Every structure is written in C-alpha cells, then in structure tokens.
Amino acid sequence: MPRSRSSKKFRRARLLVLLLVVLLVGGTAAGGWYAVHTVQASFPQVSGTVKVAGLGASVDVKRDANGIPQIYADTPEDLFKAQGYVQAQDRFWEMDVRRHITSGRLSEMFGASQVNNDAFIRTMGWRNVAQQEYDTQLSPETKRYLQAYSDGVNAWLGQHPGGASASLEYTLLGTAHSGYKPEPWTPVDSVAWLKAVAWNLSGNLQEEIDRSLLSQTFSPDQIAQLYPDYPYSRNGTIVPTGTLAADGTYKPAAGTANQAPGSQQNAAITQGLLQNVSDQMGGLPQLLGPQGQGIGSNSWVVAGSNTTTGKPLMANDPHLGPSMPNSWYQMGLHCRSVSAACPFDVTGFTYAGMPGVMIGHNQNISWGMTNMGADVQDLYLEKITGPNTYLYNQQDTQFVTRQETIKVAGGPSRVITVRTTADGAPLISDQSTEDQQVGMYAPVGNAAPDRGTTGYGVALKWSALDNVNGATTGRTMDAIFGLDKAANWTDFRAAAANFAVPAQNLIYADTAGNIGYQAPGAIPVRGKGDGSYPAPGWDPSYAWQGYVPFKSLPYAWNPPAGYIVTANQAVTDPTYKYLITTDWEYGTRAKEITDQINAKLAGGGKISPDDMQSMQLDNTSVMAKTLVPLLLKEQISDPYVRQAQDLLKDWNYNQDADSAAAAYYNGVWRQLLVLAFGQKFPASLRAQGDCLLVQQKADPNQPAGTVGGEAKPVTQCGTRKPALAQPDGGDRWTEVVRQQLANPNSSWWTYIDSNHQQQHGLDNILKEAMKDARQDLTAHLGKDISTWSWGRLHQLNLKEQTLGLDTTSLISGITHRLLNRGPFNLSGGSAAVNAAGWNAAAGYDVDWIPSMRMVVDLSAFDASRWINVGGESGHAFSPNYNDQTALWSQGKMLTWAYSSAAVNSATKNTLTLTP
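Since we're looking at a predicted model, the values are computed, not measured. Counting of residues starts from 1 at the beginning of each chain's written sequence and follows it residue by residue. In keeping with the predicted nature of the model, local features appear solely for residues at pLDDT of at least 70, side-chain atom pairs appear and are counted solely at 80 or more, and the whole-chain, interface and lining totals rest on all residues. In computing side-chain properties, one takes all heavy atoms of the structure into account and sets aside hydrogens as well as water.

**Let's talk about the overall build of the protein**
Part 1: For the protein, the count of helices and strands is 27 helices and 36 strands.
Part 2: Looking at the protein as a whole, 61% of its 915 residues qualify as buried.
Part 3: Whether two residues are in contact is decided by their heavy atoms: any pair within 4.5 Å suffices. Counted over contacts in the protein with a minimum sequence separation of 6, partners at least 24 positions apart contribute 73%.
Part 4: With residues, only the protein chains shown are counted as cover, and all accessible areas are computed by Shrake-Rupley using a 1.4 Å probe. Summing over all exposed atoms, the protein offers an accessible surface of approximately 32,600 Å²; the carbon and sulfur share of this is 50%. Secondary structure elements are defined from DSSP: runs of H or I of at least 4 residues count as helices, runs of E of at least 2 residues count as strands, and each element is numbered from the N terminus. When accessible area is computed with a 1.4 Å probe and restricted to protein chains, residues below 20% of their type maximum are described as buried, those above 50% as exposed, and intermediate ones as partly exposed.

**Here's the deal with unusual backbone geometry**
Glycine aside, residues mostly have negative phi angles, and peptide bonds mostly take the trans form.
Part 1: Cis geometry is adopted by the peptide bond preceding P325, which originates at M324 and carries an omega value of 0°.
Part 2: Tracing the sequence through the fold places P325 in the loop between strand 7 (313-320) and strand 8 (328-335).
Part 3: Between G822 and the following residue, P823, the backbone shows a cis peptide bond with an omega angle of 5°.
Part 4: Along the chain, P823 turns up in strand 30 (residues 821-825).
Part 5: Of note in this structure, N393 is not a glycine but carries a positive phi near 55°.
Part 6: By the secondary structure assignment, N393 is in the loop between strand 13 (389-392) and strand 14 (395-398).
Part 7: The backbone of Q394 shows a phi angle near 70°, a positive value even though the residue is not glycine.
Part 8: Position of Q394 relative to the elements: it lies in the loop between strand 13 and strand 14.
Part 9: The class of Q394 is exposed, set by a relative accessible area of 76%.

**Structural notes on the side chain of N306**
Part 1: Looking at the secondary structure, you find N306 in the loop between strand 6 (297-302) and strand 7.
Part 2: Given a relative accessible area of 14%, N306 falls into the buried group.
Part 3: For the purposes of these results, a polar contact is taken to be a pair of N or O atoms within 3.5 Å, where, inside protein, one atom must be able to donate a hydrogen and its partner to accept one; residues adjacent in sequence count only when each atom of the pair is a side-chain atom. Within polar-contact distance, the side chain of N306 engages the backbone oxygen of A561 at 3.5 Å.
Part 4: N306 has contacts with A561, G562, L601, K606 and I607, leaving out every residue within four places of it along the chain.

**Examining the packing of helix 7 (residues 140-159) against helix 15 (residues 476-485)**
Part 1: Running from N to C, helix 7 and helix 15 point in directions that differ by 90°, and their axes come no closer than 10 Å. As far as their axial angle goes, helix 15 and helix 7 are roughly perpendicular. From helix 7, E141, T142, Y145 and L146 reach across to helix 15, where they touch M477, D478, F481 and K485.
Part 2: Taken together, the residues of the contact of helix 7 with helix 15 sort by class into four nonpolar, one polar and three charged. All axes here are fitted lines through C-alpha atoms, helices being fitted over the stretch that makes contact, and every angle between N-to-C directions spans 0 to 180 degrees. Angle categories: roughly parallel below 35 degrees, roughly antiparallel above 145, roughly perpendicular from 65 to 115, and oblique for all the rest. Throughout this entry, Asp, Glu, Lys and Arg are counted as charged residues, while Ala, Val, Leu, Ile, Met, Phe, Trp, Tyr, Cys and Pro are counted as nonpolar. The remaining residues, Gly among them, count as polar.

**What to know about the state of the cysteines**
Part 1: Note on terminology: pairs of cysteine sulfur atoms within 2.5 Å are recorded as disulfides. Summed over all chains, the structure comprises two disulfides.
Part 2: In this model, C335 is linked to C342 through a disulfide, with the two sulfur atoms separated by 2.0 Å. Between C335 and C342 the sulfur-sulfur dihedral comes to about -80°; the bridge is accordingly left-handed.
Part 3: Judged by relative accessible area, which is 4%, C335 ranks as buried.
Part 4: With its sulfur 1.9 Å from that of its partner, C691 forms a disulfide with C717. In this structure the cystine formed by C691 and C717 twists about its S-S bond by roughly 105°; its chirality is therefore right-handed. Linking C691 in strand 25 (residues 691-696) with C717 in strand 26 (residues 712-717), this pair joins segments that are 26 residues apart in sequence.
Part 5: Take C691: its relative accessible area is 36%, and that puts it in the partly exposed class.
Part 6: On the accessibility criterion, C717 (33% relative accessible area) is partly exposed.
Part 7: Bonded cysteines in the protein are paired 1-2, 3-4 when counted in the order they occur along the chain.

**Structural notes on helix 23 (residues 762-781)**
Part 1: By this rule, a helix spans an expected 1.5 Å times one less than how many residues it contains. Taking 1.5 Å as the rise per residue, helix 23 with 20 residues should run 28 Å; its terminal C-alpha atoms sit 28 Å apart, in good agreement.
Part 2: Looking one or two places after helix 23, you find G782, whose phi comes out positive at around 100°.

**Comments concerning the packing of helix 3 (residues 76-102) against helix 9 (residues 187-200)**
Think of two packed helices as two axes; the pair is described by the angle between the axes and how far apart they sit.
Part 1: One way to put it is that helix 3 packs onto helix 9 with a least axis distance of 9 Å and a crossing angle of 70°. On the basis of their axis angle, the class for helix 3 and helix 9 is roughly perpendicular. Like other packed secondary-structure pairs, helix 3 and helix 9 cross with a definite hand, here left-handed. On helix 9, the residues touching R98, R99 and T102 of helix 3 are D189, A192, W193 and A196. Crossings are sorted by hand: turned counterclockwise from the far helix by less than a right angle, the near helix makes the crossing left-handed, and turned clockwise it makes it right-handed.

**Quick look at the packing of aromatic side chains**
Part 1: The criterion for an aromatic pair is that two Phe, Tyr or Trp rings (for Trp, the six-membered ring) have centres within 6.5 Å, with stacked assigned to planes under 30 degrees apart, edge-to-face to planes over 60 apart and tilted to the rest. Under the counting rule described, the total for this entry stands at 46 aromatic pairs.
Part 2: Note on W126 and W462: the rings are 6.5 Å apart at their centroids and 65° apart in plane angle, and the pair reads as edge-to-face. Taken together, the residues W126 in helix 6 (residues 126-136) and W462 in strand 17 (residues 456-462) connect sequence positions 336 residues apart.
Part 3: An aromatic cluster of three or more residues is present, and its members are Y250, W489, F492, Y508, Y555, W557, Y576 and Y578.

**Quick word on the sheet that holds strand 1 (residues 48-51)**
Part 1: Strands were regarded as paired on the criterion that DSSP finds at least two bridges between them. Ordered in space as 1-36-2-3-8-9-10-11-18-19-23, the eleven strands form an open sheet in which the pairing is mixed. Of all the strands in the sheet, the pair left with one neighbour each is strand 1 and strand 23 (555-557). Direction aside, neighbouring strands of the sheet carry axes that sit 20° apart on average.
Part 2: In terms of strand pairing, strand 10 (residues 359-361) meets strand 11 (residues 365-371) through two bridges, oriented antiparallel. Each residue of the ladder has a partner; that of H361, found in strand 11, is S366.

**Description of the pairing of strand 9 (residues 345-351)**
Part 1: Strand 9 sits mainly inside the fold: seven of its seven residues count as buried.
Part 2: For strand 8 and strand 9, the ladder comprises seven bridges, and the chain directions are antiparallel. Looking at strand 9, one finds that Q330 is bridged to F349.
Part 3: Direction of pairing for strand 9 relative to strand 10: antiparallel, over a ladder of three bridges. Across the sheet, residue T347 finds its bridge partner in strand 10, namely H361.

**A word on the environment of N654**
Part 1: When you line up the elements, N654 lands in the loop between helix 20 (639-645) and helix 21 (660-676).
Part 2: For the pair formed by N654 and G828, sequence separation is 174 residues and the distance between their alpha carbons is 8.0 Å.
Part 3: In this structure N654 touches N619, T620, S659 and A662, once residues within four positions along its chain are discounted.
Part 4: Within the structure, N654 has its side chain in polar contact with the side chain of T620 (distance 3.4 Å).

See below:
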C-alpha cells in the first residue's frame, strides 16, 4: 500500500511537470529546448526520406501549408500502405482510442470508469461482427488494401512504439495508467470503425425509446402531435416516387409526391427498462457527436445547363458533433500512372483509421453523402423464461450466449455474459441490474405473456450487426474503394450496391455533364409493425423478412429540373412500396436550398461556384417567418420586455453571429418550447439540471391526513444527458409548433407561469415566452440589449474527445483546457442550412455543426474548394491542429489542389517513403 501511494504521488508530480512544460510551449512559446523537444517529439516528419519496410517502390507525400497530404505511388498496395503511415503520423492517438471504442476495450486505457461503456459495446459485438465481415464478405482486393493500410500504420508504430514519441496524450495517459503500449493495427480495426459511424447516424432508435417513454404520460393522439406527419405537399421529396416493375426494379417517374397520413404502432413497454437502455446509449463515447437524433447534412448537385461553368457543381456539408481533432481527414491518393492495375486518382475526406476516401472526387466523378435516416434498428421486448431461454412463437428458445472479459487498467478484470436471440439480436438490457429488476415487474398489458419470475428484456435488431441466416450487410468497405475508382454512373451504382451500413443519400456528378442520385443501404422489410415503437419479440409476425433489394431502391438520373437536393428530407412519398422510415427530418433545409436554387435560375439565371458556397452559409430561420409576426402582434405592457420585442421589428430572419434580434428570437423560441412541452415531459426526457416543481400524487395505500396520504409539490429534475434532451428545438419541433399555432386554444398552450400559476392560450404563452427570454438573455448577456449578439450565446467549443473518456482527476481539468479550442461565436441554427445546431432543452451551446464543407467544380477540379472545421493534425500544438477553424467559422474555404501541377505549386513539404 505505501508503495502504491508513492507511485501515485510520483505520477502526479510527473503530470505537473508535464503541464508546466506544455504551458510554457503552448502559452508563452518561450519554453527552453527541453520543453520544446518534449512537446514536439511526436510531431511527424514531413520532409526528407524515411524507410518503410515492405514498399515496392518509393512513395512521395506532398503536404501543403495546411498539412494536407497528397500521396503518389506506383501500386495500390504502396498507396494504401503510405496512407496508413501518414494517417498514423498525424492521428494515431485518435485511431487507437477509436479502435478501443469499437472493440469495447476502453477500460484497458482509461480504467474502471469505462466498464459500462465497454459492456454495452461488447454486448452489441461491433468488433466480432466486423471480424465476420472481413472473414466472409469483403472481396480479396479490399482485404489486400486493408492489409496494406495496416502494414503502413504498423511501420510507423514500429518507429514510435508508444509514449511521448507517439503523442503527447500517451504521456498524459501514462500519468494515470502507466504501462499502456499500443498494439499493432489490424484490418478489422478499420472495418469496425464503420460500426461507430453507423451508430451515430442512426437516430431512429432514440425516437423509438422516446415515444415509448412519452406513452407513460401522453395519449396516442398527443404523441402523434409530437411526431407529426411529414409535410410532403410543402417540402417535397428527394425524388418523385417511381414505380417497381414486375421483377422489382425501380423505375424513376416525374411528378409531385402527395401528402399522406403517417402510421403509428403502439406497444406497452416499461418506462424504467427503456430509460436505462437510453442512459446506456447516452453514456457511449461521442466521437462523432450526439447520436443521430436531429442531426442532418446538406448536399446538392446542379447540372451544367444551370451553371456558369457549363459543367455540374456539387456541394456537401455533413453535420456531426464538434470535436478536437475533427472527425474528417483530408487527403489525396494518386497512382502516378492511372491504369487498370493502379486505378486511383482520388481526393477528399476520409476518417483517420480507414483507407480510401469517403467523400470527394476522382478524375471522372464526384460524389457526396447525407444521412438517409432509414430505420435500420428495432427494439424488441423479449419475454425471459429462464437463465438462457426466452419465449418465441409460444416456445422456449435458447439464447446464444458467450462470455466477455473486460480488462481494466489499474483494477481487476470484469466478466460479462452476453445473450443473443436466434436471429442475432443482442439483449442490450442485460448489463443493468436495474433493467433486470424492472423487467420483472413490467406492466406490459393483457396481450403480453405472463412475466413469470424472470420478467422482460430489450433486444436490439440492427442491420449493422446482422450476420445471421446468410445476411450480407457488411460490404461497405468494398463500396468505398469502388466509389474511389468509379469512372461513370454504372461503376458508381455498382459501388453503391455494396454501401449497406450506414444508409446514405448518394449524389453524383461526372465530367461528361451527368448528375444523379442513388439511395443505397440495408433497409429491413418488416412483417408487422413500422419501427415506431418496440415490438413484441415473442410474436414471429414482427420479425424482419429480409432487406429491400438494391434494384428496388430509388434513384434519379439527369432529372428534368437540372438539380438534386438532399438534406435528410423524405426520399419518396408513402406510395413507395417499401417502408424506409416513419421518422424523416421535416425538409426545412431542403426546401430552403431548393427555393434558393429556383430563385437563381428564375429568368434563365445560372448558378456559380460562389453561389454554391453562399447557399451553404444561409442562416435564415424559416420558423421565424411564421412566429415573429405573431410575437409582434402581442401587446406588451412592460417596457423592459417591450424593448426586447422591438428588436424583432426590422429583423431579416438571418441568424448572424452579431445579430441581437437573432439572439432574442432564439431565446423566445427556447422558452416557448419549455413552457409548451418541456414542462409536461417526464424527467426521463428532460435535461439533467432541468428541475420543475410538480404535484406528487397521494399514495392510495395511505390514509388521508397522514404522511404519503396527501398530494404535495416536489422538485423533479431531468435525468437525460443534455445532448439528447427534449424538446431539442430541431426541425421536428418547427413542424410541431407550426401545426399547433393553427389552434390558439390547443392544450399544449397550457403552462405554469413564473408565479407557479396555470395559464392557458396562445397569446398568454407567447407573452410569457418573451418575458422569460428577456430575463434569460439578461442573465446571459446583460441588461443592455445594444450589447446582445447571437454569437455570444451560440458558441462552439472544440473539445478533445478522447482524453475526455478518462474521468480520473490526474488527466482531466487543466489538460483539457490545453487540448480544447474555443469558444467561437457562430452564426446559424438547428433548422437553418448553415446548421450550427443547439439543443433548446439544454441551452444555447453548439452541439453539432457542418463538420466540413466542399464545393466541387466538375469543369476544373483545381477550382474546387474545401474546408475542415479543425485541422489536419491531431497533435495539440502543431500549427495544423486547428488552423482551418477561423476560416471555417467565417464561411471561407481553401483552394483544393488536385492536378499534379496544382499540387506541386501548393506543396510546402515533401516526404519520400522508401523501401
């Protein structure tokens, strides 16, 4: 014991010394040689020559002033080996943490604080499924490329085997958990990251849980009002809904989709059981930001007949959670001589830890992506009949079980048992004792089987985990390499056919002048149910029947309009044979982009590359156009509130960072949502720290006049992580409020005012929201409204997400302040095209952003533009750590060099890798 205390004191002392060194270098830039050497020891070598074993010939790595590498090689194997080496130079710490996330091994790095996260991910089995996909589904060519990439990473790792020579973060980690050394990289480490990407882009699972939690308080009709039908007639669809031929092949059609009612399936479910599953989900590492719910992306492509260049223009800006370093990594991969033997000449955005390019262009085509929002996850309530059995089709059925050992840095290992249904759905509620206890007493209604002595559990069916019964949903890595070398629409669609998980909207343009759209993805075909609520697992009629055939998925090719917009709106209308989801985003951004394109084209106008970039920066609050006139009609007697109301009189609805009107409007919007909806929501949906005075019901088992026998007011605080709290104020909520505004006496306009009195009616709640917003903004920004600005409220903080996984005192606090960047005052809003999202249930801070922006010019690739929210480097004091952030926040972009001549002109450093 004395030795342990001594060791801990030594590590703390070492940390203090290191922090002093970093402060000297990062804060004053005046540290001595030792300080500079210590911090910069892990910076990559970017010029000269380095030997990399296994290369067939030399490879050139040309970096520009922003550290963005363009790699030139003679063979694909050398190209991807160099890619692995270079990404490890810049981002290996991030790569290492990512693979520990996907394999459920964070506890090995960060200790006992991560055991629950590891148990949840081990239960889903991301790494196991990725291994199966690598073994049985990926093509031999893809495996060669993945192995070459791994060899490149390991060549770098062999030269930097951990500690300060690998990354400053490893030194910080060593102060808390000494002895950790990175393992060699494997191809499955790369494949598994696609599971994390798919998880963060699948928001319907949280919607499914939220509906069920709301069903404890609200009627089916009220829940339908909170999840209104998609406004097909107003916001349209990505493509007009086509038809399916006799063989199931999709046939595009012209026309306009008609509005049709949505569907709802209700199922009795226990609040406690689902709440704990939601808590487990919310506790997972958020390297891509909050999971799915409310997060979108923009992409659009305009045909050459409508552009000033005479060739197509393409824009894309995926929305993800902010982090440091940013999710994306920019680079180019070039065969020196492009041929069938070496077909790659591609540039764009990818993920550190994954070979190839995810979004970008090659010499012939460009492509972009937005999240389709397909419902590819279903929760099943399972009737547990014994330690290893559950009820299915009126029979006891054996779980498939396995044990997982979770190693814990600085502590004993933990062993968990994972139970999986016969069709591959893991019982995700198993890792919570509370879930199991609540399941015993779950009030599931008369239609459900008796609970017996073992209760109920919750299983997850997800296409990303589906490797049973011959399912093949794991060839997305094949698709990425296919996109990278595609020469035309036929090649593009062949690659898209393998893009199973995550399901994305893919847009296309080529140098021949064509544009297109393809909906890919493994989208389940259900028996009963529509995925809105958890399904009864004991009833086989609710089982998945397979997947929508790729030939039946919607696409468009050179549509008459001359442009295609995807911004998470509905792909098709409800006449399409297959159910994609009931939870589309509501199309506000898509309509705004479409309206701007049509306005530019009116009277024979043309769209320029500058226009494309300008559209990405559109801050318009569409909802404000409806709500502000109603706010201005209200007669406000209090001059203190009326002064703020007057800000809205001449507002142009643009949410610029320096706008006082935008600040006040969004404050009113937030207060309106809290009064109308947040007050009525159960604690399980409200943000932590959001506390309300509620009337506790009397206990019917206690006599009146005794303790517990009388109703009394109690304080009830929200329990949900802020990023997932409701009402979040996103696109769905604009549709909810829009519909309720038509009824001034709606029950949603009943609220409790600041004097704890119940009030009714639209006029009253609008006045109360304006008063509360005036008080809230005064608390945040001061009394003088002339000093108010939206950007002072709406701030972005770029946080280092990996060391944040360790909650020990040794490497938290001041270390994060050294690694984080911000705050940055931002324009935009949750439902604006410039989607700097914030959660109205939790505050004004930005929690998701356009994670990158690109505009591709198919007439001259060197005239294309790109920007990353942070920088290329993962090394905190590298000049390329966040050198793009200021440009990004101002809406500016970098020149995107592609041709050899342009790359050579932009090159600042050249590193040659030799055998």
